[in-house]
Amino acid sequence: MNDARDHLVSMLEAVGRSLDAGDAEAVAVQLAAFETKLRETAGARVDPRVVALFHECQGKANAVLGRLQRELSGHATSVRAAAAYGGGR
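So, how was this worked out
The residue count restarts for each chain, going from 1 along the sequence in the order it is written. For this predicted model, a pLDDT threshold of at least 70 governs which residues receive local features, and a threshold of 80 or more governs which side-chain atom pairs are given and counted, while totals over whole chains, interfaces and linings are taken from all residues. With hydrogens and water set aside, each side-chain value is computed from the structure's full complement of heavy atoms. Numbering of helices and strands runs from the N terminus, with a helix taken as a DSSP run of H or I at least four residues long and a strand as a DSSP run of E at least two residues long. Exposure is judged per residue with a 1.4 Å probe applied to protein chains only, and the accessible area is read against the type maximum: over 50% gives exposed, under 20% gives buried, and values in between give partly exposed. We call two residues in contact when some of their heavy atoms are within 4.5 Å. Counting of polar contacts relies on pairs of N or O atoms within 3.5 Å, with two restrictions inside protein: one atom must be capable of donating a hydrogen and the other of accepting it, and residues adjacent in sequence are counted only when both atoms are side-chain atoms. What a helix should span is 1.5 Å times the count of its residues minus one. Any Phe, Tyr or Trp ring, taking Trp's six-membered ring, that has another such ring centre within 6.5 Å forms a pair; planes under 30 degrees apart are called stacked, those over 60 apart edge-to-face, and the others tilted.

Looking now at the overall build of the protein chain. Scanning the protein chain from terminus to terminus reveals four helices and zero strands. Put simply, the protein chain has 89 residues, and 22% of those count as buried. Contacts in the protein chain between residues far apart in sequence, at least 24 positions, make up 61% of those at least 6 positions apart.

Shown next, in the form of structure tokens:
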């Protein structure tokens, strides 16, 4: 086990919890710290624990993004704005 990589695993677990809670602001801060630590940690990009948790977080982030997009598409202002930019009805 590599202590630095263990720390990355802990960081990604925290990101996952924030995603589960829908706390996008916390996720942004956590990912910025994670990216810095990732660059500093040798072998982190091939550590199966880090890779698996990163992919899990990506899936959760996509789900949060999809939920936000569905919520926004139901608001008249968002629909008008999308139409104004050629993406609406």
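Once the structure has been displayed, the description carries forward.
Glancing now at the side chain of serine 18. Inspection of the secondary structure assignment puts serine 18 in helix H1 (residues 3-21). Among the polar contacts listed, one links the side chain of serine 18 to the side chain of glutamine 30, at a separation of 2.9 Å. Those residues in contact with serine 18 that sit more than four places away from it in its chain are Asp23, Ala26, Val27 and Gln30.

Looking now at helix H3 (residues 48-73). Helix length check: H3, at 26 residues, gives a terminal C-alpha distance of 37 Å against a target of 38 Å (1.5 Å per residue), a fit within 8%. In this structure, the buried side of H3 is in contact with H1 and helix H2 (24-40). For H3, the side-chain oxygen to backbone nitrogen distance between the N-cap and arginine 49 is 2.8 Å, and the N-cap itself is aspartate 47.

Along an α-helix, residues three or four positions apart point the same way, because every turn accommodates 3.6 residues. The terminal C-alpha atoms of H1 lie 27 Å apart, and with 19 residues this matches the ideal 27 Å at 1.5 Å per residue to within 8%. Of all the positions in H1, only Leu8, Val9, Met11, Leu12, Ala14, Val15, Gly16, Ser18 and Leu19 are classed as buried. The inward-facing, buried residues of H1 contact H2 and H3. Looking one or two places after H1, you find glycine 22, whose phi comes out positive at around 75°.

Another point: the packing of aromatic side chains. Summed over the entire model, instances satisfying the criterion amount to one aromatic pair. Look at phenylalanine 34 and phenylalanine 54: their rings are 6.4 Å apart centre to centre, the planes differ by 20°, and that puts the pair in the stacked class. Separated by 20 residues along the polypeptide, phenylalanine 34 in helix H2 and phenylalanine 54 in helix H3 bring together distant segments of the chain. What makes phenylalanine 34 buried here is its relative accessible area of 2%. Look at phenylalanine 54 and you get partly exposed, because its relative accessible area is 34%.

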